Amino acid sequence: MPVGQIAFLVDTTRCINCKTCEVACKDVNEGVVGVRIRQVRTFEGGEFPRVFAYAISMSCNHCEDPACVAACPAGAYTKRAGDGIVVHDPERCIGCRYCTWVCPYGAPQYDATAGRIRKCNLCVEELDRGRLPVCVTACPMRVIEVGRLADLETRPGATMLIRGVPSPDLTKPACVYLIRSEATDVR
C-alpha cells in the first residue's frame, strides 16, 4: 500500500444501492442490530418531472483533522502517522459517545450491547497484509476504491463536495466522490 494519507473513492454514479458493502462490513466486524459501521445512504430531490435519487456508501472518512480523536477523553482514537488511518481501540473506549456527537458524518456507532463505540478501521489488518478492505472486495459494481488521497483526488470529476454530505471544511475527510450532476448542488 502506498505511503501517505489513505482515502476512499466512492463512485456514486455506479452505486446500485445493493448494500453488499454494508453486509460484508457487518459480517467481518460481527456487527449487531442497529450498528452500521458502513452505511449506504440514499438522497432524493428535485420536482416532477425532474426528480433524482442517488446512493452513497459511507463510513469513517479517516479525516485529516478528525474531531473524534480530539474529543475522546479516553484516548481510544489514534491517527496513524504513516497512512492517516483513524483507528479506534474498543478496549480503551469508555462508551461516553462524545465521538458520535462531534463527528459531522455520523461515522462512530454506539454498540449498546458492548457499551462501546464501533467504527470503520479501514480493515487496517487487511491493508497491513497488502489486501483490500472487505467493502472494496465485496462491491459487485466496484464502486469503492482505496488508495492514496493525493492520487484519488486528481481523478477526473473527483470531488469532496457532494449534496447531502457535510462540508469537507469541517474535518478535511479523506474521501472523494465521483458524482452525478444532481449531487453537485451543495446549497
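Going by the structure above, here's the rest.
Residues numbered from 1 in each chain as written. Predicted model: local features only at pLDDT ≥ 70, side-chain atom pairs only at ≥ 80, totals over all residues. Heavy atoms only, no water.

## Quick look at the overall build of the chain
- Along its length, the chain carries six helices and ten strands.
- Residue pairs in contact within the chain that sit at least 24 positions apart in sequence constitute 59% of those at least 6 positions apart.
- In the structure as shown, the chain presents an accessible area of about 9700 Å², 52% of it carried by carbon and sulfur atoms.
- Computed over 23 positive and 21 negative side-chain charges, the separation of the two mean positions in the chain equals 2 Å. (Helix = DSSP H or I, 4+ residues; strand = E, 2+ residues; numbered from the N terminus. Contact = heavy atoms within 4.5 Å. Areas by Shrake-Rupley, 256 points an atom, 1.4 Å probe, with all protein chains shown as cover. Lys, Arg positive; Asp, Glu negative; His and termini not counted. Charge placed at Lys NZ, Arg CZ, Asp CG, Glu CD.)

## Structural notes on the pattern of salt bridges
- All chains considered together, the criterion is met by ten salt bridges.
- Residue R36 pairs with E22 through a salt bridge whose shortest N-O separation is 3.0 Å. Of this pair, R36 sits in the loop between α1 (20–28) and β2 (39–47) while E22 sits in helix α1, and the two are 14 residues apart along the sequence.
- With relative accessibility at 31%, the residue R36 sits in the partly exposed group.
- In this structure, the salt-bridge partner of R129 is E126, at a minimum N-O distance of 3.1 Å. (Salt bridge = Lys/Arg side-chain N within 4 Å of Asp/Glu carboxyl O. Buried < 20%, exposed > 50% of the residue type's maximum accessible area, 1.4 Å probe, protein only.)

## What to know about a nonpolar patch on the surface
- A contiguous nonpolar patch, built from Y98, W101 and V102 and spanning about 340 Å² of accessible area, is present on the exposed surface.
- Position of W101 among the secondary structure elements: in helix α3 (residues 98–102). (Patch = residues over 30% accessible without salt bridge, like charges linked within 9 Å, V, L, I, M, F, W, Y side chains within 5 Å.)

## Observations concerning the side chain of D11
- Among the structural elements, D11 can be located in strand β1 (residues 6–11).
- Within the structure, D11 has its side chain in polar contact with the side chain of T13 (distance 2.4 Å).
- If we skip the residues at most four places from it in the chain, D11 touches V143 and L178. (Polar contact = N/O pair within 3.5 Å; in protein donor to acceptor, adjacent residues only side chain to side chain.)

## Description of the nonpolar core
- Within the largest apolar cluster, 38 residues are counted, with the highest numbers of intra-cluster contacts made by F8, I56, L122, I162, V165 and Y177.
- Looking at this core, the elements with two or more residues in it are β1, α1, β2, β3 (50–58), α4 (124–128), α5 (134–138), β8 (144–148) and β10 (175–178).
- Ranked by size, the runner-up nonpolar core spans nine residues in total, among them C68, C72, Y77 and V86. (Core = buried A, V, L, I, M, F, W, Y, C linked by side-chain atoms within 4.5 Å.)

Note that all results are geometric; they support no functional claim without further evidence.
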